[in-house]
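# Structural description and commentary
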Amino acid sequence: MQQRALNVVMTAVTGSCLAGMLVAGVAAASDDAAAPKNMPSQQPLAAAQENNVLSLGQNQAAQEQAAQATLARPAKKPKKKSLLTGYTTASYFWDDGSGINGDTGAPASGRPMQKGLFASPSWPLMTKVRVTYKGRSRVGFIGDRGPGAPSHNGVMLDLDTYTFRYLLDGGKPANKYNAGTGEGHLRGVKYEVLEWGKGPGTRGAPRPL
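In what follows, the accompanying structure is described. (Residues numbered from 1 in each chain as written. Predicted model: local features only at pLDDT ≥ 70, side-chain atom pairs only at ≥ 80, totals over all residues. Heavy atoms only, no water.)

### With respect to the overall build of the protein chain
What counts here: Segments assigned H or I by DSSP are reported as helices when at least four residues long, segments assigned E as strands when at least two residues long, and all are numbered from the N terminus. We call two residues contacting when some pair of their heavy atoms lies within 4.5 Å. Accessibility throughout is a Shrake-Rupley quantity obtained with a 1.4 Å probe, and a residue counts as covered only by protein chains that appear here.
When its secondary structure is counted, the protein chain shows three helices and six strands. In the protein chain, the proportion of contacts linking residues at least 24 apart, taken out of those at least 6 apart, comes to 70%. Total accessible area on the protein chain is roughly 13,800 Å²; 56% of this is exposed by carbon and sulfur atoms.

Below, the structure is given as structure tokens:
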């Protein structure tokens, strides 16, 4: 009798254990079935998202730097349109009241003799002019009258010594009164009137003095 009761108890315990194991196995199988197969790891995805954010930030920073560089870059001034264009023969001078080389005294405009001060026999004083010769250019203004008699032979511009020598060969004169070259005239100098001056004189093609 006691043996039969023991067998009953053992059978009950064994059945309980088997039932528990069966339930655990079913639960595990359910979890495996619910989880998608070959699911990618979350770590690489997070790293990719972080890289995308960094890349967007770098692109934005680069665009901002490019925009700032564009704003900082000085805008090129458009070349001023000429009001009158032609060609003439040019000589040179430096009138500062020294009496050297036929110096006639201070320039007629009242401005002191300087680089970029030219003389014309007829154009209004303070007229702005660009002169070009062999690809070299300088801008100056009409600050004096001249040349005198040579203007009747087609010499319609007197350039300051420095501008004359620069147009000739890109060099510098020996001094204010001597261009340092045997050339006394430049034939075929292109002139462009950029702005008419308000001083006395006549607009239009140059006229002899």
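Still more to cover.
### Looking at the pattern of salt bridges
This is how the line gets drawn: We define a salt bridge as a contact between a side-chain nitrogen of Lys or Arg and a carboxyl oxygen of Asp or Glu at a distance within 4 Å. A simple rule labels every residue: compare its accessible area, found with a 1.4 Å probe on the protein chains alone, to the largest value its type can have, and call it buried under 20%, exposed over 50%, or partly exposed in between.
Taken as a whole and judged by the stated rule, the model has two salt bridges. We note a salt bridge from Arg-130 to Glu-192, for which the minimum N-O separation is 3.3 Å. One end of the pair, Arg-130, is in strand 3 (residues 128–133); the other, Glu-192, is in strand 6 (residues 186–195), and 62 residues separate them in sequence. Summarising the burial analysis for this pair, Arg-130 and Glu-192 share the class buried. For Asp-169, the salt bridge is made with Arg-165, and the minimal N-O distance between the two is 2.9 Å.

### Overview of the nonpolar core
For clarity, the threshold we go by: Buried residues of nine kinds, namely Ala, Val, Leu, Ile, Met, Phe, Trp, Tyr and Cys, make up a nonpolar core once their side-chain atoms join them within 4.5 Å.
Within the largest apolar cluster, 19 residues are counted, with the highest numbers of intra-cluster contacts made by Trp-123, Val-131, Ile-142, Leu-157, Leu-159 and Leu-186. Breaking this core down by element, the ones donating at least two residues are strand 3, strand 5 (155–160), helix 3 (161–169) and strand 6. Here this core takes four residues from strand 6, the largest share from any one element. Setting aside its immediate chain neighbours within four residues, Leu-159 contacts Ala-90, Ser-91, Tyr-92, Phe-93, Leu-117, Phe-118, Val-131, Phe-164 and Leu-167. Trp-94, Met-113, Ala-119 and Phe-141 belong to the second largest nonpolar core, which has six residues in total.

### Some remarks on the pairing of strand 6
Heads up, the condition is: A pair of strands is labelled paired if DSSP reports no fewer than 2 bridges between them.
Bridging between strand 1 (residues 84–93) and strand 6 involves seven bridges; their strand directions are antiparallel. From the neighbouring strand, Thr-88 faces strand 6, where its bridge partner is Val-189.

### Overview of the environment of Pro-112
Within the fold, Pro-112 resides in the loop between strand 1 and strand 2 (117–119). The exposure class of Pro-112 is exposed, given its relative accessible area of 54%. Remark: the alpha-carbon pair of Pro-112 and Gly-143, spanning 31 residues in sequence, is separated by 8.7 Å.

### Quick word on the pairing of strand 1
As paired elements, strand 1 and strand 5 share five bridges and run parallel to each other. Of the residues in strand 5, the one forming a bridge with Phe-93 is Asp-160.

### Quick notes on helix 3
What counts, and what does not: For this analysis, a polar contact is any N or O atom pair within 3.5 Å, provided that within protein one partner can donate a hydrogen and the other can accept it, and provided that sequence-adjacent residues contribute only side-chain to side-chain pairs.
By the burial criterion, the buried members of helix 3 are Thr-161, Thr-163, Phe-164, Arg-165, Leu-167 and Leu-168. Looking at the buried side of helix 3, the elements it contacts are strand 1, strand 2, strand 3, strand 4 (136–144), strand 5 and strand 6. Capping the start of helix 3, Asp-160 holds a side-chain oxygen 3.1 Å from the backbone nitrogen of Tyr-162, two or three residues further along. After helix 3 finishes, the residue Gly-170 shows a positive phi value of roughly 80 degrees.

### As for the side chain of Asp-144
Going by this rule: When charges are counted, neither His nor the chain ends are considered; positive counts come from Lys and Arg and negative counts from Asp and Glu.
Its place among the elements puts Asp-144 in strand 4. Despite its burial, Asp-144 pairs with no opposite charge; the closest candidate is Arg-145, at 7.1 Å N-O. Beyond its immediate stretch of four places on either side in the chain, Asp-144 contacts Phe-93, Asp-95, Pro-107, Ala-108, Leu-117, Phe-118, Ala-119, Ser-120 and Leu-125.

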